Amino acid sequence: MLVTSEKQAPPRSRTASSTLPWVTTVSRLVLAGVLIVAGWGKIGTPVLSVQSVKAYELLPDSLATVVGYGLPILEIVIGVLLVVGLLTRVVGGISALLMLAFVIGIASVWARGLRIDCGCFGGGGQLKPGIEPDYLVDILRDSGLFVLGVLVARFGPGRLALDSALGLAPEREPYDEMDGEGEPREEEDH
């Protein structure tokens with residue numbers, strides 16, 4: 001016999017429970033779109049991508065060259081995996097770390113008084129005289145993308161994901177089998 005708690009789930013919990021998969025889906029797709037556009041903007045001009053990474057003055061030239069060539073490919077691969085929803089939590093975590101690295105890099109450039117284009121969507125390098133950097137905008141954008149990556153890593157793929165179709169995402173228990181606090185109801189025999 002199943003004995004359930006007398007508590008009723010608050011309406012907000014039920015709404016949050018049903019919207020969370022869509023929030024993570026939108027987060028996943030927005031992050032994917034930005035990464036694909038950023039990678040695509042750099043992949044056709046790898047020399048400019050390398051120049052952009054070197055402008056940050058954070059890595060030795062040889063490593064900056066490797067990062068400059070590899071970053072566009074990484075961004076596109078991560079973006080595609082997010083679009084299709086494959087290995088979503090891992091890729092969401094990698095995306096969050098990548099965005100955090102971008103935030104730290106831009107903040108470092110700003111703190112050191114360098115005047116560069118972040119190269120986030122192609123181009124990059126030193127800014128021309130009279131052009132001011134938009135470091136705060138870049139940091140806020142990448143911080144928001146970091147939050148989206150954390151959401152995806154924490155809550156999984158959401159809807160329309162290969163992870164779910166392939167059984168790689170753990171199934172969440174339906175809300176009806178949960179008590180009002182999001183915990184599974186206990187079964188007791190009488």
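Residues numbered from 1 in each chain as written. Predicted model: local features only at pLDDT ≥ 70, side-chain atom pairs only at ≥ 80, totals over all residues. Heavy atoms only, no water.

Engineer: Before we go on, may I ask you to explain the overall build of the protein chain in this structure?
Structural biologist: Helix and strand counts for the protein chain stand at six helices and two strands. The secondary structure elements of the protein chain, listed N-terminal to C-terminal, are α-α-α-α-β-β-α-α. Here the protein chain holds 190 residues, and the buried ones make up 34% of them. In the protein chain, the share of contacts with a sequence separation of at least 24, taken over all contacts with a separation of at least 6, comes to 72%. Summing over all exposed atoms, the protein chain offers an accessible surface of approximately 11,200 Å²; the carbon and sulfur share of this is 66%. (Helix = DSSP H or I, 4+ residues; strand = E, 2+ residues; numbered from the N terminus. Buried < 20%, exposed > 50% of the residue type's maximum accessible area, 1.4 Å probe, protein only. Contact = heavy atoms within 4.5 Å. Areas by Shrake-Rupley, 256 points an atom, 1.4 Å probe, with all protein chains shown as cover.)

Engineer: Looking at this structure, how should I read the side chain of D163?
Structural biologist: Its location among the elements puts D163 in helix α6 (residues 162–165). Although D163 lies buried, it forms no salt bridge, and the closest oppositely charged side chain, R89, sits 7.4 Å away as judged by the N-O distance. If we ignore the near neighbours within four places in the chain, the residues touching D163 are G85, L86, L87, T88, R89, P157, L168 and A169. (Lys, Arg positive; Asp, Glu negative; His and termini not counted. Salt bridge = Lys/Arg side-chain N within 4 Å of Asp/Glu carboxyl O.)

Engineer: Could you clarify how one ought to interpret the confidence of the model for the protein chain in this entry?
Structural biologist: Caution applies to low-pLDDT parts of the model: their predicted coordinates are not meant to be read in detail. On average, the protein chain scores 86 in pLDDT, and the residues at 70 or more come to 81%. Note that pLDDT drops below 50 for residues 173–182; the model gives that stretch 19 contacts with residues more than four away or on any other chain. (pLDDT = per-residue confidence, 0-100.)

Engineer: I keep staring at the nonpolar core and nothing clicks. Help me out?
Structural biologist: Looking at soluble globular proteins, one finds that nonpolar side chains tend to be buried together. Membership of the largest hydrophobic core is limited to 12 residues, which are L31, A32, L35, L71, I78, L82, V91, L98, M99, L145, L148 and V152. Those elements that provide at least two residues to this core are α1 (11–43), α3 (61–84), α4 (88–111) and α5 (135–155). Filtering out sequence-adjacent residues up to four positions away, L31 remains in contact with L82, S95, M99, L145, L148 and G149. Ranked by size, the runner-up nonpolar core spans 11 residues in total, among them Y56, I116, C118 and Y135. (Core = buried A, V, L, I, M, F, W, Y, C linked by side-chain atoms within 4.5 Å.)

Engineer: When you look at the state of the cysteines in this model, what are you seeing that I'm missing?
Structural biologist: Covalent bonding between the sulfur atoms of two cysteines defines a disulfide. All chains considered together, the criterion is met by one disulfide. Here C118 connects covalently by a disulfide to C120, the sulfurs 2.1 Å from one another. Each member of the pair, C118 together with C120, is buried. (Disulfide = S-S within 2.5 Å.)

Engineer: Hey, could you run me through the packing of aromatic side chains in this one?
Structural biologist: The description of two aromatic rings rests on the distance between their centres and on the angle between their planes. Tallied over the full model, the rule gives one aromatic pair. Where W110 meets Y135, the ring centres are 6.0 Å apart and the plane angle is 45°; that geometry is what we call tilted. Remark: Y135 occurs in helix α5 and W110 occurs in helix α4; sequence separation between them is 25 residues. A relative accessible area of 43% means that W110 is categorised as partly exposed. In this structure Y135 comes out as buried when scored by relative accessible area, which is 5%. (Phe/Tyr/Trp six-rings, centres within 6.5 Å; stacked < 30°, edge-to-face > 60°.)

Engineer: What am I meant to see in unusual backbone geometry here?
Structural biologist: Leaving glycine aside, a negative phi is the common case for residues, and trans is the common case for peptide bonds. Although it is not a glycine, L87 sits at a positive phi angle of roughly 55°. On the basis of relative accessible area, L87 is assigned to the partly exposed category, the value being 49%. Positive phi outside glycine occurs at L160, with the angle close to 55°. Tracing the sequence through the fold places L160 in the loop between α5 and α6.

Engineer: Can you walk me through the packing of α4 against α5 in this structure?
Structural biologist: Each packed pair of helices is defined by two parameters, the angle between the axes and the distance between the axes. In the contact formed by α4 and α5, the axes pass within 7 Å of each other and the chain directions differ by 160°. Considered as vectors, α4 and α5 are oriented roughly antiparallel to each other. The hand of the α4/α5 crossing is left-handed. Counted by class, the contact of α4 with α5 contains 18 nonpolar, five polar and four charged residues. (Axes fitted to C-alpha atoms, helices over the stretch in contact; angles between N-to-C directions. Parallel < 35°, antiparallel > 145°, perpendicular 65-115°, else oblique. Left-handed = near helix turned anticlockwise from the far one by under 90°. Nonpolar A, V, L, I, M, F, W, Y, C, P; charged D, E, K, R; others polar.)

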